[in-house]
Amino acid sequence: MKAIIYDNIRAVQWVDGRVRLLDQRLLPHEVRYLDLSTSAEVAAAITDMVVRGAPAIGITAAYGVVLAAAQRYGESAERWRQPLQEDMDTLLRARPTAVNLRWAVKRLSVIIDTLKIPPLEPLLAQAKRIHAQDIAANQRIGTLGASLLSRDSVLTHCNAGALATGGYGTALGVIRSAWAAGKINKVYADETRPWLQGSRLTAWELLQEGIPVTLICEGAAAALMRERRPGWVIVGADRVAANGDVANKIGTYSLAVIARAHGVRFMVAAPTSTVDMDMPSGDGIEIEQRQTDEVLTMQGKPIAAPGATAWNSVFDVTPASLVDALVTEQGIIHNPDTDKLKRLMNASS
Ligand code: MRU
């Protein structure tokens, strides 16, 4: 009998020399792809949330560097280096919190530094390698994370799925693998205000794969933990600091606090490309602040009382002490700390 593979969604593709993005602002009501041919369009698409999720924006930015180099192809060395650097800087500024973006751009810029003409083939090969390695890492994370589950129900937050990565997903990779192995009996997802990544994206993604999902408002998580006793909260990460602190979608920290208060275990699933060993702790991670309209309105319609203001800090930092398991493609770290992360990252470099 053929194994069921729950992996049919691709948010980012390289097609005929252009970057094809599934426009995540329109999901779940419309499935529309945008084909982008300049790095400026790619940077804008990242800022505007056409594509989102730490690994997915890293991969998209890598393809964006290829487009930037293609735009400069044929110009003399004195003329292409500076503008290409400016294009890369624009990509780097597109979103500040996810370290995957700078990790991916850096992997391409080291190739650029060694060559005299914009090196199109090696850059494209590297971008495709980053993409393929991310999918492979997520499949491994899925297998490792699923090994920690045993007929549990789980709660996830935001969207850390195929839509947020090269494919398969991190937190949803664990859920895909565990579902296929019969190790999950129910999936709960936070709706995830204000962008509704949970109710729009995670629910769509899981249902596309035939995995049932039950949505809750974030405010219901404590009651859910007390009344329905999920085994695990499983989330992704935008950046894991060297001491194991985790920056992820706003609301993750609250979930970790209430999970600990209810004896529910807390799993962070992330590839090593999300680990930032240059960042000693979560205190130094830049947290993206977005427009307050995202809180005050919903899908363009005003919902707040006129005159109310809002604080729209879109990520938070969960201290390592609240993380029971950090699952990477290089292995599982229980109760992460600086020494354990150093050992893992040294072994993988
Ligand atoms: O603002 P977003 O939608 O880009 O935030 C995404 C998240 O917080 C994800 O949990 C994180 O990037 C991990 S994706 C595998």
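Everything discussed here concerns the structure shown above.
Residues numbered from 1 in each chain as written. Predicted model: local features only at pLDDT ≥ 70, side-chain atom pairs only at ≥ 80, totals over all residues. Heavy atoms only, no water.

Enquirer: Looking at this structure, how should I read the overall build of the chain?
Expert: Along its length, the chain carries eleven helices and 16 strands. Taking 2.2 N^0.38 as the reference for a compact globule, 349 residues should give roughly 20 Å; the C-alpha atoms of the chain span a radius of gyration of 20 Å, in line with that estimate. Each of the three principal axes of the chain carries a C-alpha extent, and together these read 65 × 55 × 45 Å. Classification of the 349 residues of the chain by burial places 56% in the buried group. Of the contacts formed within the chain by residues at least 6 apart in sequence, a portion of 75% connects residues at least 24 apart. (Helix = DSSP H or I, 4+ residues; strand = E, 2+ residues; numbered from the N terminus. Rg over C-alpha atoms; globule rule 2.2 N^0.38 Å. Buried < 20%, exposed > 50% of the residue type's maximum accessible area, 1.4 Å probe, protein only. Contact = heavy atoms within 4.5 Å.)

Enquirer: Explain the site of the ligand here, please?
Expert: Taken together, 18 residues lie around the ligand, and R52, R95, Q197, N248 and K249 are the ones closest in. Here an oxygen atom of the ligand sits 2.8 Å away from a polar atom, N or O, in the side chain of Q197. Contact between the ligand and K249: an oxygen atom at 2.8 Å from a side-chain N or O atom of the residue. Relative to its unbound accessible area of 420 Å², the ligand is 99% covered by the protein chains. When atom positions are compared with the pocket grids, the ligand is found to occupy the largest cavity. Of all the elements in the fold, those that place two or more residues in the shell around the ligand are α2 (54-72) and β9 (246-249). Among the residues making up the shell around the ligand, the classes are represented as eight nonpolar, six polar and four charged. (Near = heavy atom within 4 Å. Polar contact = N/O pair within 3.5 Å; in protein donor to acceptor, adjacent residues only side chain to side chain. Areas by Shrake-Rupley, 256 points an atom, 1.4 Å probe, with all protein chains shown as cover. 1 Å grid on protein atoms, 1.4 Å probe; cavity = no way out; pocket = protein on both sides within 12 Å on 5 of 7 lines; lining within 4 Å. Sits in = over half its atoms within 2 Å of the grid points. Nonpolar A, V, L, I, M, F, W, Y, C, P; charged D, E, K, R; others polar.)

Enquirer: What's the story with helix α11 (residues 338-348) in this structure? I'm lost.
Expert: Think of an α-helix as turning once every 3.6 residues; residues three or four places apart then point the same way. Of all the residues in α11, the buried ones are L341, L344 and M345. Relative to the axis of α11, the buried residues are bounded by an arc of 90° and lie together on one face. In α11, the exposed positions that point more than 90 degrees away from the buried face belong to R343, N346 and A347. Those residues of α11 that are buried lie in contact with β8 (239-241), β11 (275-276), β15 (325-328) and β16 (331-334). (Arc of directions from axis to C-beta.)

Enquirer: Looking at this model, I keep getting lost on the nonpolar core. Mind explaining?
Expert: In globular proteins that are soluble, nonpolar side chains generally tend to be buried together. Counting residues in hydrophobic clusters, the biggest one holds 47 residues, and the most contacted among them are V12, V19, L21, I46, Y63 and L163. Of all the elements in the fold, those that place two or more residues in this core are β1 (12-15), β2 (18-22), α1 (39-47), α2, α3 (77-92), α4 (99-113), α5 (120-146) and α7 (197-208). Leaving out residues up to four positions away in the same chain, I46 has contacts with V51, I57, T60, A61, A94, R95 and L101. (Core = buried A, V, L, I, M, F, W, Y, C linked by side-chain atoms within 4.5 Å.)

Enquirer: Would you mind going over the sheet that holds β15 with me for this structure?
Expert: Pairing in this open sheet of seven strands is mixed, and the strands run β6-β5-β4-β7-β10-β15-β16 from one edge to the other. Among the strands making up the open sheet, the edge pair consists of β6 (214-216) and β16. For this sheet the average axis-to-axis angle between neighbouring strands, irrespective of direction, equals 25°. Bridge count between strand β4 (residues 152-156) and strand β5 (residues 184-190): five bridges; the pairing is parallel. What sits directly across from D152, in β5, is I184. Here α5 sits on the sheet and contacts β10 (265-269), β15 and β16; the angle it forms with β15, its principal contact strand, is near 145°. Across the sheet, α7 touches β4, β5 and β6, and the angle it forms with β5 is around 155°. (Pairing = 2+ DSSP bridges. Axes fitted to C-alpha atoms, helices over the stretch in contact; angles between N-to-C directions.)

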